[in-house]
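Structure at a glance
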Amino acid sequence: MKNAPNRIRLLALGLIASAPAALCAQQGGAPKELPVKYSGPATTAAITAADLMTRLYIYADDSMMGRLAGSEYNVKATAYIEREVRRLGLQPAGDSGGFFQYLPVFARGLDTTSTVTIDGVTFKAGVDFTAGSGGRRPRQFSGAQVVWGGMRFDTANVLSPDVVRGKILLMRPFVPPSNFNQGPFVQSSGFKAFQALLAAAEAVAIVTWDQIPPAVLRNAINPQNVTFASEDESPIALNLTTKMAEALLGMPLASATKGTVGKALTSNVRFVDAPRPTRNVVAILPGSDPRLTGEYVAIGAHNDHVGFRPSNPVDHDSLRAFMQVVLPQGADSRRRAPTPFESARVRDMTDSLHKLHPARLDSIYNGADDDGSGTVSVLEMAEAFAKGNPSPKPKRSILFIWHVGEEMGLWGSQWFTDHPTVARDAIVAELNMDMVGRGGANDITGESKDGGLLHGGPGYLQLVGSRRLSTELGDLIEKVNADSRLGLRFDYEMDANGHPQNIY
C-alpha cells in the first residue's frame, strides 16, 4: 500500500485490510519458517488458510518475477486470475466480452533522428542529449530561453520564480551526501522555495554527462520502463551533455552563476511508443434479487508488485532483517542510514536466519503480502460465493476486480473509474484489500498522525475510508462485527484527517 495522491480513484474505498497473518502457518499450526517452494492441494469452496497458502505460493512464486505492471510476468499473473474466475463460472466484465480490461500502457523510446537547434547549430539525440516525456503528449520548444540554476535542490539563494517564468531552467544533478536526511530537508523553507522555482519554469533540463554512456542510450531507445498514456500535454524533459549545455549558455559551466541567461533553443524531438499488454481482471457474480441484480458491490485488490532487481542480487535474509529493523514500513518508511545498534541487530538476525537454512541470493520482489495476499483473498471470496452455499445469497451482484498498476500510481483503478465496464452509478460500495498478510502483534502496520508506529494483534483490521463518502458503510461494518461477535479490532489511525501519508 503506497502513498496515494489526493484524488481518490476507487469509487468507494471501503476496507484496506491488514488482517491476522493466517498464512504464516499451516492449518492449526503455530507460525514457523515457511518453505521456499510449496505445491498445495486443490482449493475448496470454504475459505481456509490452506487454500490461501496454495494460491499465494502460485501467485507470489519466483516464476512470476514480481508481477511488474506492463511486463510479461504481470500478464502471466493475470492469466492465472482469469483461469480461476473462468473455472468458477463467473461472468466476464472486461473488454469485448472477456475478463480483461486493457489499459493504454507503452514503452516510450527516443527516436534518434530527433534534434535540438541552438543559434543555427543542430544537436543530435543520442550524441548530445536524451529526452523523455512520460506518458503525456510532448510539447516542443520554439525559441525557449535558458536560465542557469546551478545544482538541482540547492536551496541556498534560490532564484526568484519570476527569473525563470516561461523559460527552461538548466541545472546540474544533485548528488546527496552520505549523511543526507530527506525528512528535514523536504520540510525546510528553502526546499519549498525551490519547488516554487521549478513550478514557475517552463521546463527543467539537466546537464548529466560529458558523454552519454552506451547503457543510458540503449535504455533511452529501448526503455524497460513503461508509462501510462495521458491526454495531458507537457514539455519534453532534456538531459544534456556538458558540450551542449555550454553551447546553450555561451560560456563554460564553471563561469556561469545562478540566474545567468543563455541562448534559446528549438526542439524537434520525437518518440516511438511500443504498446505493452497491461490489464485489470474484472468478473461478476450475478445477484439473486431481480430488483437489485443491476446494482454492484465491488470487491478488489491490486494484482501487480514491483518486479525484480535487474542486477546485483542480495542476500535474502540480510535484506529481510534490514527491512524489519530499519525500514519496517517498506516504501512508506523514511530512507535513512542504520544506526550502529541497528546494524548490529541486522547482523544478529541474519546470522540466526542462516542457522535455519543456507544463505541464498535473491533478486525478486515477490510481493506475497503486497498485494498477493489481497489478490488471493479476493479469489477465495469469489470461490466461496460461486461454489459454496452462502446464506443468504447476495441480492446485489458482486463485481470482483483485480486492478493493475497500483504500485505505479493507481493506474488500474483510475482507468476503471474513468472507463467503467458496468454503470458507474450502479456500484454502491467498494471494499478494497491490501496487505492481508500483515497484522500480527509484531507487525508494524503504519504510523499514526503524530508519527508513532502502529502494531497489529488479535483480530486486527485497519480501515481507511469507511466513513468518507457516507457514514453508512462504516456503521454497517461496526454493526456486523458487534452483532456477529467477530471480535475484529478496527484501527482507524491511518484514516485520520490531516495524516501526512494521505492514504485515502
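Refer to the structure printed above.
Turning our attention to the pattern of salt bridges. Inspection of every chain in the model, using the stated rule, returns 22 salt bridges. Close ionic contact of Glu383 with Arg87 constitutes a salt bridge, the shortest N to O distance being 3.5 Å. Of this pair, Glu383 sits in helix H10 (residues 368–387) while Arg87 sits in helix H2 (residues 72–87), placing them 296 residues apart in sequence. For Glu233, the salt bridge is made with Arg139, and the minimal N-O distance between the two is 3.5 Å. One end of the pair, Glu233, is in strand S12 (residues 233–235); the other, Arg139, is in strand S7 (residues 137–139), with 94 residues separating them in the sequence. Accessibility expressed as a relative area gives 40% for Glu233, which makes it partly exposed. One network of salt bridges, with partners in common, ties together Arg55, Glu84, Arg87, Glu380 and Glu383.

On to the sheet that holds strand S4 (residues 115–118), then. Strand order in this open sheet of eight strands is S5-S4-S14-S8-S9-S10-S13-S6, and the pairing throughout is mixed. The open sheet has two free edges, formed respectively by strand S5 (121–124) and strand S6 (129–132), since each of these has just one partner strand. Strand-to-strand twist across the sheet, computed as the mean angle between neighbouring axes with direction ignored, equals 30°. When S4 meets strand S14 (residues 261–268), the two strands line up antiparallel, connected through four bridges. Note on S14: the bridge partner recorded for Thr117 is Thr266.

This part takes up the side chain of Asp61. Relative to the helices and strands, Asp61 resides in the loop between helix H1 (49–59) and H2. Here Ser63 takes part through its side chain, which lies 2.8 Å from a polar atom of the side chain of Asp61. When residues no more than four places from it in sequence are discounted, the contact partners of Asp61 are Lys37, Leu56 and Asn366.

Here the focus is the side chain of Asp315. Structurally, the position occupied by Asp315 is in strand S18 (residues 314–315). It is Arg360 that comes nearest to the buried, bridge-free Asp315 among opposite-charge side chains, at 8.1 Å. A distance of 2.6 Å separates a polar atom in the side chain of Asp315 from the backbone nitrogen of Ser318. A polar contact is formed between the side chain of Asp315 and the side chain of His354, at a distance of 3.2 Å. What Asp315 contacts, discounting residues up to four positions off in sequence, is Thr350, His354, Ala359, Arg360 and Leu361.

With respect to the element layout, Glu430 can be found in strand S21 (residues 427–432). Residue Glu430 is classed as buried on the basis of its relative accessible area of 2%. As a C-alpha pair, Glu430 and Val297 span 133 residues in sequence and 5.9 Å in three-dimensional space.

So, about the packing of H1 against H2. Where H1 meets H2, the axes come as close as 10 Å, and the angle between the chain directions of the two elements is 145°. Across from Arg55, Ile58 and Tyr59 in H1, the residues of H2 making contact are Ala77, Tyr80, Ile81, Glu84 and Arg87. By residue class, the composition of the contact of H1 with H2 is five nonpolar, no polar and three charged.

Our focus in this paragraph is a nonpolar patch on the surface. A cluster of nonpolar side chains, contributed by Leu476, Val480, Leu486 and Leu488, occupies part of the molecular surface with about 330 Å² of accessible area. Looking at the element boundaries, Leu488 is found in the loop between helix H12 (472–483) and strand S25 (489–491). Here Leu488 falls in the partly exposed class, since its relative accessible area comes to 31%.

To continue, consider H12. With 12 residues, H12 extends 16 Å from end C-alpha to end C-alpha; this agrees with the ideal 16 Å at 1.5 Å per step. For H12, the complete set of buried residues consists of Leu473, Gly474, Ile477 and Asn481. Taken around the axis of H12, the buried residues stretch over an arc of 105°, which confines them to a single face. More than 90 degrees from the buried face of H12, the exposed residues found are Glu472, Ala482 and Asp483. Summarising the contacts, the buried residues of H12 are in contact with S21 and S25.

Within the largest apolar cluster, 28 residues are counted, with the highest numbers of intra-cluster contacts made by Phe129, Phe141, Leu170, Leu238, Leu240, Leu265 and Val269. Here this core gets four residues from one element, more than from any other, and that element is helix H7 (residues 242–249). Excluding residues that lie within four positions of it along the chain, Phe141 makes contacts with Ile168, Glu202, Ala203, Pro235, Ile236, Leu238, Leu265, Thr266 and Ser267.

Within the fold, Asn157 resides in the loop between strand S8 (144–151) and helix H3 (161–164). A relative accessible area of 70% means that Asn157 is categorised as exposed. Separated by 75 residues in the primary sequence, Asn157 and Glu82 place their C-alpha atoms 56 Å from one another.

Cut-off values and rules
- Residues numbered from 1 in each chain as written.
- Predicted model: local features only at pLDDT ≥ 70, side-chain atom pairs only at ≥ 80, totals over all residues.
- Heavy atoms only, no water.
- Salt bridge = Lys/Arg side-chain N within 4 Å of Asp/Glu carboxyl O.
- Helix = DSSP H or I, 4+ residues; strand = E, 2+ residues; numbered from the N terminus.
- Buried < 20%, exposed > 50% of the residue type's maximum accessible area, 1.4 Å probe, protein only.
- Pairing = 2+ DSSP bridges.
- Axes fitted to C-alpha atoms, helices over the stretch in contact; angles between N-to-C directions.
- Polar contact = N/O pair within 3.5 Å; in protein donor to acceptor, adjacent residues only side chain to side chain.
- Contact = heavy atoms within 4.5 Å.
- Lys, Arg positive; Asp, Glu negative; His and termini not counted.
- Nonpolar A, V, L, I, M, F, W, Y, C, P; charged D, E, K, R; others polar.
- Patch = residues over 30% accessible without salt bridge, like charges linked within 9 Å, V, L, I, M, F, W, Y side chains within 5 Å.
- Areas by Shrake-Rupley, 256 points an atom, 1.4 Å probe, with all protein chains shown as cover.
- Expected span 1.5 Å × (residues − 1).
- Arc of directions from axis to C-beta.
- Core = buried A, V, L, I, M, F, W, Y, C linked by side-chain atoms within 4.5 Å.

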